[in-house]
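What follows is the residue order along each chain.
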Amino acid sequence: MLTGISILCRCLGWYPIWLLLLSIGESAAFIPIMGVLLGCSLLSFGCIRWLRLRLLHKKKLAFRLTFLLVIISAVLCTGGCMLLGVETAWSILLSGITIIGTSRNNDAEPDRLFTNNHYIAFLSGTVIATIMLSIAHLSMLYHLTLCVVGVVSAMYFLLRNQFMLRRFVRRRGGNHTDVPQEIERGNLVLVGSMIALLAIIFTFHEPLTALLKQMNEWMIGLIAGCFRLLRRILAVFSNETPLEEAAEEIIEENMELPPTGTSSPFWMLLWIPFIVIVVYIWRIFLSDWIYDIWILLRKLAAKLRKNTSAANDIHHTEDGAYYDTESTVLREKSHRHRQRAWRKALRKWNAMPNHPDKFYAGYRLLLEAPCWQENLLRQADTVQEIRDKWAAYYLPPEALDAITADFHNDRYAENGLPPEAIQDIAKALACIRHTKQINSI
C-alpha cells in the first residue's frame, strides 16, 4: 500500500509541468488529458519497477526491456493526447517528459520514491506555474490545483509518518522487524482522522462557518433568555411585579440578539474542543447506562431460561468479586482464524531475503504455529526441550532436529549459522504447516 501511494505521488508530482504546458498550448480538455498522462505514467512506472526488481542480476536484459517499455508507454501516451485534441508537438513533449521523468530511479526503496526533495519541488513548481499563468492571464484551474496539492500533501504526510514509524521500530529490532499491528493501526487511525478532519474543514468551510455562527447566535439567545427569566422570577418573589404580568412580559417580549460584531469566523473554531469534550462525557455516561441495561437483560434472560449458572455469574459481578471483563467480552479467535493468520505470516516470511534474521524470524513463527497444543510450550523452554516435546507428540519426530542443531551451532558454539540453515527452517515450517495433533496430554 505504501509503495502504491509513493508511486501515485511520484506521478502526480509532474502536475505543474502538465498545467503549464497545457495552458500554453491552449488545450481545452485539461482533466481528460491529465488523466491520460497520469494513467500512462502509472502503468509505465509499475511495469518498469516490476521488471527491474525481477531482473536485478541481469542488467543488460533489464535495460533493453526497460527501454522498450518506455518507448511503448510514450507512444501510447502521445496517441491518447492527440485523440483528445492536443497538437502533435505538445503531445510528444508532454509524453516524453512524463514517461522518461517517472522512469528514473523507480527501482529504489519505497521510502525513497517520493522524498522531501520531491515534495518541495512539487510545491515550488505549482507556485511558480500558478504565478506565471497569472501574469500571462492564462487559465490556472485554481480548484483543480488546490485539490491536487491537498491530495499529494495528505499522502505525503501519511507516507512520512508510516516510514518514520517503521524506522523507529527497526532501529533496534533489525531491518526485517514488523511494526506491531496495534501500534500501526492506532497510528493510521490517528493520522487518517487528522487528515480527514482537515479535509472536511477545507472542503465544507462555508457551511461549517455558517453553522458555527448560527450556534453562536443560539447560545447567546439561550443565555439572554435565562437571564431574563431569572430576573423576572426574582422580581416576582420580591413583590415588585405580579406573577401574571411577569408571565405576559416573558411571552410578549421580543428577544433581540445583541450585535455580534464583525470578528473573524475562525473564533468559532473554539466550539470544536467544547463539542468534543461534551460528546466524550456523554459517551461515558451512555456507556454506563448501556452496560447496566445489558446486565438487566442478562438477568431477565437467565430467569426466563432458568439458567442458574448465568444468574450466579451476574450476581458475583455485582458483589464486587473479580470479573475478567476483557476475556468475557472479547471473542476468542477460532482455530481456523489462527491458522489462516499463521499461513499469511508464513507467506510473508518466505518473501524475506536470505539473512540470519530470517532464521530466527522463522523460529519464532514455528513457535506460534497453531498446531501446538495449548500450554504445551512455556517461556522458559530451551530449543532442546522444544525439540523433545515435538518428538513426543508430533510426526515426524525428527522435523526439528536440523534447526535445533543450527540454533546450537550459532548461539552456543558461536560458529555462525551454516549455509543450509534457511533451507532447514523452511523445511520445518513446511512440515509444521501440514501437521495435526496426534496425542493429547
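First things first, this report covers the structure right here in the doc. Just so it is clear, the structure is predicted and the values come from calculations on it, not from any experiment. (Residues numbered from 1 in each chain as written. Predicted model: local features only at pLDDT ≥ 70, side-chain atom pairs only at ≥ 80, totals over all residues. Heavy atoms only, no water.)

1. Overview of the layout of surface pockets
Point 1. Size it by volume and the second largest pocket reaches roughly 490 Å³.
Point 2. Taken together, 16 residues form the lining of the second largest pocket, with Gly150, Val151, Leu198, Ala199 and Phe202 sitting closest to its centre.
Point 3. For the lining of the second largest pocket, the secondary structure elements donating two or more residues are α8 (142–173) and α9 (181–203).
Point 4. For the lining of the second largest pocket, the leading source of residues is α8, giving nine residues.
Point 5. Looking at side-chain class alone, the lining of the second largest pocket contains twelve nonpolar, four polar and no charged residues. (1 Å grid on protein atoms, 1.4 Å probe; cavity = no way out; pocket = protein on both sides within 12 Å on 5 of 7 lines; lining within 4 Å. Points joined across faces, edges and corners; volume = space filled by probe spheres on them. Helix = DSSP H or I, 4+ residues; strand = E, 2+ residues; numbered from the N terminus. Nonpolar A, V, L, I, M, F, W, Y, C, P; charged D, E, K, R; others polar.)

2. Things to note about the environment of valine 127
Point 1. Its location among the elements puts valine 127 in helix α7 (residues 116–135).
Point 2. Taking the C-alpha atoms as reference points, valine 127 and threonine 145, separated by 18 residues in sequence, lie 9.8 Å from one another.

3. Overview of the packing of aromatic side chains
Point 1. Taken as a whole and judged by the stated rule, the model has twelve aromatic pairs.
Point 2. An angle of 75° between the planes, with centres 5.6 Å apart, marks the rings of tyrosine 360 and phenylalanine 407 as edge-to-face. Here tyrosine 360, found in helix α16 (residues 356–367), pairs with phenylalanine 407, found in helix α18 (residues 401–411); they are 47 residues apart in sequence, far enough to count as distant. Note on accessibility: tyrosine 360 and phenylalanine 407 belong to one class, buried.
Point 3. Here phenylalanine 407 and tyrosine 412 contribute two aromatic rings whose centre-to-centre distance is 6.4 Å and whose plane-to-plane angle is 45°, an arrangement assigned as tilted.
Point 4. What makes phenylalanine 407 buried here is its relative accessible area of 10%.
Point 5. The positively charged end of lysine 358 is found above the aromatic ring belonging to tryptophan 349, 4.8 Å away from the centroid. (Phe/Tyr/Trp six-rings, centres within 6.5 Å; stacked < 30°, edge-to-face > 60°. Buried < 20%, exposed > 50% of the residue type's maximum accessible area, 1.4 Å probe, protein only. Lys NZ or Arg CZ within 6 Å of the ring centre and 35° of its normal.)

4. Considering the packing of helix α1 (residues 2–12) against helix α3 (residues 30–54)
Point 1. Here α1 crosses α3 at 130°, and the two axes come no closer than 10 Å. Classified by the angle between their axes, α1 and α3 sit oblique to one another. The way α1 lies across α3 gives a crossing that is right-handed. Between α1 and α3, the contacting residues are Thr3, Ile7, Leu8, Arg10, Cys11 and Leu12 on the first element and Leu38, Ser41, Leu42, Phe45 and Arg49 on the second.
Point 2. For the contact of α1 with α3, the per-class residue count stands at seven nonpolar, two polar and two charged. (Axes fitted to C-alpha atoms, helices over the stretch in contact; angles between N-to-C directions. Parallel < 35°, antiparallel > 145°, perpendicular 65-115°, else oblique. Left-handed = near helix turned anticlockwise from the far one by under 90°. Contact = heavy atoms within 4.5 Å.)

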